[in-house]
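Topology and contacts: notes
Spelled out, the chains give:
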Amino acid sequence: MLKYDAAVIGGGPGGYECAIRLSQNGLKTALIEKDELGGTCLNRGCIPTKALLHSAEIYHSAKNASEFGINAGEIRFNYGAMVENSQKISTRLRGGIASLEKSHGVTVYKSRASVKNRETVLLDTGEELQCGHLVIATGSSPARLPVPGADLPNVLDSTSLLAMTECPRDIVIIGAGVIGIEFATLYSRLGIPVTVIEMQDRALGTFDKDITDFIEAELPKKGVKLVLGARVKSIEKGLKVNYSLTGDDAATQCAEGEVVLVAGGRVPNSRGMGLEDIGVRMDRRGFVETDGLGRTNVPGVYAIGDVGGKMMLAHVASAQGIVAADHIAGLPVKQINLNHVPSGVYSDPEISMVGMTEERARGEGRDVGTGTFSLTGNGRALTMGAAAGFVKFVYDKTTDEILGFHMVGPGATELAAEIAAVMKCEGTLRELCDTVHPHPTLSETLMEAARVCCGCCVNAPKPRR
Ligand code: FAD
């Protein structure tokens, strides 16, 4: 039997970083991946979607370049080449991970793994690995839609849609969460008719209401038909998606598309690999229960990333992997404060947030203040022809503590990192006001919004009393 100090099952952003850190910490480490290193993020998530979105943005910008004094002639896109480019980037990054694991002395096994007992991992190749510690980093998969017709050809999930090399003529997207909205952005930028059907009465329901109101108004301007409060009942050949509006079950309406994307959430990859047999506790949906350090209820067994379901983002998986690896090595560690973790949507314009929404802060009984700065007051946004959007802070009026940051506008996903750093360092709005930002940049909007909150913004009209 092969012996390791630690074995990590799953080579996504959680597992691959965890394995390297374990090895850096002096533990003999095995990483077992059944498919491709990089997991969902690199092969069928973050990276391929952003590559396709960037291609579509270039196409859209070139088509609309006359506003900037550029005549680009006839512009066409080649969807197959766009997909090929996205796959090339994934392949390159995958190669990078493989060589990183090798250089750090991690042994990588390409196999499906299951847990035989607390100390033994069984590979489909027949090998058995004995391990002192075990890290479950098996991620998540697209949830299926429990309606008739969900298995028809061309009813796809995000994985199969990303593998398509031909652009759909038109598309119906079921689910207005982050994944649904990003695909809606991709196809609408390419001029493809898009219908998004969402069961809730809001798109992107976890984001601040001011942000979701803004994006709901913006989507139709981009050619996206957004149907909220609608329950999908069935899908027929054609493809026809039958739905009824909440409270009106009798009247069925129909949306048609060559392709239907089911983007109704993700389920953890936790069943059928022996975790139940060793007593690992999971919730009703199969998410593995952990404490803030990634420990499950079984000593020596950790779970990180999507399979734990705390915040299903690649950077959270990676951060949890590092914390777990350091804790396993007996190093001093701090729990990740999820209130300081940025999340983003690569919509048009982009969205980001850190911390609490205004609703949540009020719900928690905080002494809530808010301040908003419009991008129309920012020179850089105007030079880019992208001044639609705003920055909003939610803060504690007594202490100036930043409770939440919300932005819709160009560069929002990058700019969130500044606020995450300020919040992590327990910085206040006042300190953000006094931080000199470079000009002309989009980052100035963060300082200006902070100054609005503190009543000292010179680039906004005097507030009416
Ligand atoms: P995964 O990345 O899912 O990796 C788990 C790995 O475990 C997989 O490679 C799987 O093959 C392997 N595995 C599973 N079971 C076994 C087994 N029994 N034996 C061996 N191996 C096994 N997040 C962001 O932060 N930003 C984004 O922009 C973003 N965009 C996304 C876009 C899409 C379309 C999707 C679907 C997701 C996106 N995400 C994004 C989410 C992000 O991809 C996940 O949060 C992240 O990949 C989770 O990492 P993980 O390591 O927990 O799991």
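Below you will find a few notes about this structure. (Residues numbered from 1 in each chain as written. Predicted model: local features only at pLDDT ≥ 70, side-chain atom pairs only at ≥ 80, totals over all residues. Heavy atoms only, no water.)

Quick word on the site of the ligand
Convention followed: In this text, near means that some heavy atom of the residue lies within 4 Å of the molecule or strand in question. Polar contacts, as used here, are pairs of N or O atoms within 3.5 Å; protein pairs need one atom able to donate a hydrogen and one able to accept it. Residues neighboring in sequence count only if both atoms are side-chain atoms. Exposure was quantified through the Shrake-Rupley algorithm and a 1.4 Å probe, taking into account, for residues, occlusion by the shown protein chains and nothing else.
Among the 37 residues in the neighbourhood of the ligand, the closest are listed as Glu33, Thr40, Lys50, Asp306 and Ala314. Interatomic distance of 2.9 Å between a backbone N/O atom of glycine 14 and an oxygen atom of the ligand. One of the backbone nitrogen or oxygen atoms of methionine 312 is found 3.4 Å away from an oxygen atom of the ligand. Contact with the protein chains removes 94% of the 1,000 Å² of surface that the ligand exposes when unbound.

Describing the pattern of salt bridges
Quick note on the threshold: When a carboxyl oxygen of Asp or Glu is within 4 Å of a side-chain nitrogen of Lys or Arg, the pair counts as a salt bridge. Runs of H or I in DSSP of at least four residues are treated as helices and runs of E of at least two as strands, each being numbered from the N terminus. Burial classes follow relative accessibility: with a 1.4 Å probe on protein chains only, a residue under 20% of its type's maximum area counts as buried, one over 50% as exposed, and anything between as partly exposed.
For the structure shown, the criterion picks out 22 salt bridges. The salt bridge involving lysine 209 is made with aspartate 213; its shortest N-O contact spans 2.8 Å. Of this pair, lysine 209 and aspartate 213 both sit in helix H7 (residues 209–221), separated by four residues, roughly a single helical turn. Note on aspartate 213: relative accessible area 34%, which makes it partly exposed. A cluster of three or more residues bridged by salt bridges with shared partners is formed by Asp208, Asp210, Glu358, Arg362 and Lys392.

What to know about the sheet that holds strand E12 (residues 230–236)
As a reminder of what qualifies: Strands are labelled as partners when DSSP assigns at least two bridges between them. Orientation is described by axes fitted as lines to C-alpha atoms, over the contacting stretch for helices, and by angles from 0 to 180 degrees between their N-to-C directions.
The strand order across the open sheet formed by three strands is E12-E13-E14, and the pairing between neighbours is antiparallel. The strands lining the two open edges of the sheet, one partner per strand, are E12 and strand E14 (252–256). In this sheet, adjacent strand axes meet at a mean angle of 30 degrees when their direction is disregarded. Bridging between E12 and strand E13 (residues 240–245) involves six bridges; their strand directions are antiparallel. Bridging across to E13, arginine 231 finds its partner in serine 244.

Looking at the layout of surface pockets
Where empty space is left can be seen by rolling a probe of water-molecule size over the atoms. So the rule is basically this: In the cavity and pocket records, a cavity denotes points on a 1 Å grid over the protein atoms alone where a 1.4 Å probe fits but cannot get out, a pocket denotes an open set with protein on both sides within 12 Å along at least 5 of 7 lines, and lining residues are residues with an atom within 4 Å of a point. Grid points are joined across faces, edges and corners, and a volume is the space filled by probe spheres set on the points. Residue polarity is assigned by list, with Asp, Glu, Lys and Arg as charged and Ala, Val, Leu, Ile, Met, Phe, Trp, Tyr, Cys and Pro as nonpolar; anything else, Gly included, falls into the polar class.
In this structure, the second largest pocket spans a volume of roughly 830 Å³. In terms of lining, the second largest pocket is formed by 28 residues, of which the most central are Glu57, Ser61, Arg189, Asp348 and Ala386. Looking at the lining of the second largest pocket residue by residue, the classes come out as twelve nonpolar, eight polar and eight charged.

Things to note about the pairing of strand E1 (residues 2–9)
Note the cut-off: We call a crossover right-handed when, viewed with the strands running away from us, the connection from the first strand over the helix to the second turns clockwise.
Here seven bridges tie E1 to strand E6 (residues 128–136), and the two strands are oriented parallel to one another. The partner of tyrosine 4 across the bridge, within E6, is cysteine 131. Looking at chain direction, E1 and strand E2 (residues 29–33) are connected through four bridges and run parallel. By the bridge assignment for E2, valine 8 is matched with leucine 31. For the segment spanning E1, helix H1 (residues 13–24) and E2, crossover handedness is right-handed.

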